[in-house]
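Here is what each chain is made of, one letter per residue.
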Amino acid sequence: EGKTMRDHMRFSVVYWHTFRGSGADPFGPGTAVRPWDDGSNSQENAVKRVSVAFEFIEKLGAPYYAFHDRDVSPEGASLSETNKIFDAVAAALKAEQERTGIKLLWGTANLFSHPRFMHGAATSCNADAFAFGASQVKKCLEVTKELGGENYVFWGGREGYQNLLNTDMKRELDHLAKFFHLAVDYAKEIGFTGQFLIEPKPKEPTKHQYDFDSANCLAFLKSYDLDKHFKLNLETNHATLASHTMQHELEYAGMNGILGSIDANTGDLLLGWDTDQFPTNYYLTAEVMLSILKYGGLGSGGVNFDAKVRRESFEPIDLFYAHIGGMDAFAKGLKIAAAIRADGEFEKFTKQRYGSWDSGVGAEIEAGKHDLKSLEKYMLAKGEAAANVSGRQEFLENLFNRYM
Ligand code: GLO
Ligand code: NI
Ligand code: NI
Ligand code: NI
């Protein structure tokens, strides 16, 4: 009742690209036109920026936003000063949340930009970097709780390696698990009940990131007894960097019960890195929404636009066009996915494809009624495995086109 598509989709605006992105890339400086923001990193400017940010999100009509500690709040001369500045900015964020009704999808700590994290944070070879990162997570958890954040995200940043010849991988993974356990324990201590999420990415900035993809994250979580505490935040462009599709990542996470949230951008096949382009492709959004619907939605997660406008189109109005395009693409994707589910054609094809399994010895195998000896006996009696004819790919894609 009274809910719009924007609420159902739990769309979220990211603070880092939308309000802090300059358009800079490795080949040139920023190009952003931001008349309201002199870019200075003072507490005063950070607080002023909060009202502009919320005016933008309000006009857009998005129900959520997400931030890193260092996007919203600058670092001071000492850790205690940094924490004080963060409190002041958090008070401004809270006031704007209360004024507008906009909510915090998740908070996260930036453990990758500052030179102290040049070898990582939790997986650094320097224990002080681990301790500093832990202190930032402690504070960021407190602020996220104070702001009613519904999740808390860990994207690995520089948690990975450049060269295995000087890296003790086992030790670094132990440290990463330790770091996560400390965060879980502290959340419990302060009563933060939001969902913890890991955001996998296979490379960039390190040559090999430890949180590579959903399968590798699941194995890590299980090995270190963390699987009850974490789900995944999947990003389209990270999936393609891992040579997966986003649909593959969603399916793997969904079937293992760890699908948490998505960072929505595009997985353009020409991309060799994470360019964070706004999604516009209905084929992609429809398939993404099909997977999400299949697993019953994102729960406390949302559709977070971890995306930025291009360096060459950086007028403030472009930020609106880009988000509107992304929201439209997902709204259309949801409608297409709902129509596909409603008439059940694909389910029929899938059922048909496994027809000989279900009607044959397959049902007995699934029921645990066989061992290798009994299967050999079955095959010896039968002589030959029957060919399976159904499930032709090109036909399925034609069918998919009919919903577009
Ligand atoms: C980088 C990631 C990064 C995360 C952010 C929040 O490629 O996508 O932007 O989304 O740190 O976790
Ligand atoms: Ni992301
Ligand atoms: Ni990314
Ligand atoms: Ni990205």
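In short, a report on the structure. Fair warning: this is a prediction, and the values are worked out from it, not measured in the lab. (Residues numbered from 1 in each chain as written. Chains lettered and ligands numbered in written order. Predicted model: local features only at pLDDT ≥ 70, side-chain atom pairs only at ≥ 80, totals over all residues. Heavy atoms only, no water.)

Under ideal tetrahedral coordination, the four donors around a metal are separated by 109.5 degrees; under ideal octahedral coordination, the six donors are separated by 90 or 180 degrees. Within the protein, the nickel ion (ligand 3) binds to Glu-235 (OE), His-238 (NE2) and Asp-274 (OD); these donor distances fall in the range 1.9 to 2.4 Å. For the nickel ion (ligand 3), all donor residues lie on one chain, and their spacing in sequence is E-x2-H-x35-D. The metal-metal distance between the nickel ion (ligand 3) and the nickel ion (ligand 2) comes to 3.7 Å, with Glu-235 coordinating both. Exposure class is identical for Glu-235 and His-238. Each is buried. (Donors = N, O, S within 2.8 Å, 3.2 Å for Na, K, Ca; no water. Buried < 20%, exposed > 50% of the residue type's maximum accessible area, 1.4 Å probe, protein only.)

Moving on, we come to empty space enclosed by the protein. Tallied over the full model, the rule gives two cavities of 30 Å³ or more. There is about 130 Å³ of room inside the largest cavity. Lining the largest cavity are 18 residues, with Leu-111, Phe-154, Trp-155, Gly-156 and Glu-159 sitting closest to its centre. Element by element, the count of residues in the lining of the largest cavity is highest for strand S4 (residues 151-155), at four residues. (1 Å grid on protein atoms, 1.4 Å probe; cavity = no way out; pocket = protein on both sides within 12 Å on 5 of 7 lines; lining within 4 Å. Points joined across faces, edges and corners; volume = space filled by probe spheres on them. Helix = DSSP H or I, 4+ residues; strand = E, 2+ residues; numbered from the N terminus.)

Our focus in this paragraph is the coordination of the nickel ion (ligand 2). Taken together, the protein ligands of the nickel ion (ligand 2) are Glu-199 (OE), Glu-235 (OE), Asp-263 (OD) and Asp-306 (OD), with distances of 2.0 to 2.1 Å. Around the nickel ion (ligand 2) sit six donor atoms, and with donor-metal-donor angles ranging over 83 to 177° the site reads as octahedral. In the primary sequence, the donor residues of the nickel ion (ligand 2) line up as E-x35-E-x27-D-x42-D. (Tetrahedral: all angles 85-135°; square planar, octahedral: opposite > 155°, others 65-115°.)

With 18 residues, helix H3 (residues 43-60) extends 26 Å between its outermost C-alpha atoms, agreeing within 8% with the 26 Å of an ideal straight helix rising 1.5 Å per residue. Gly-61 occupies a position one or two residues after H3 and carries a positive phi of about 80°. (Expected span 1.5 Å × (residues − 1).)

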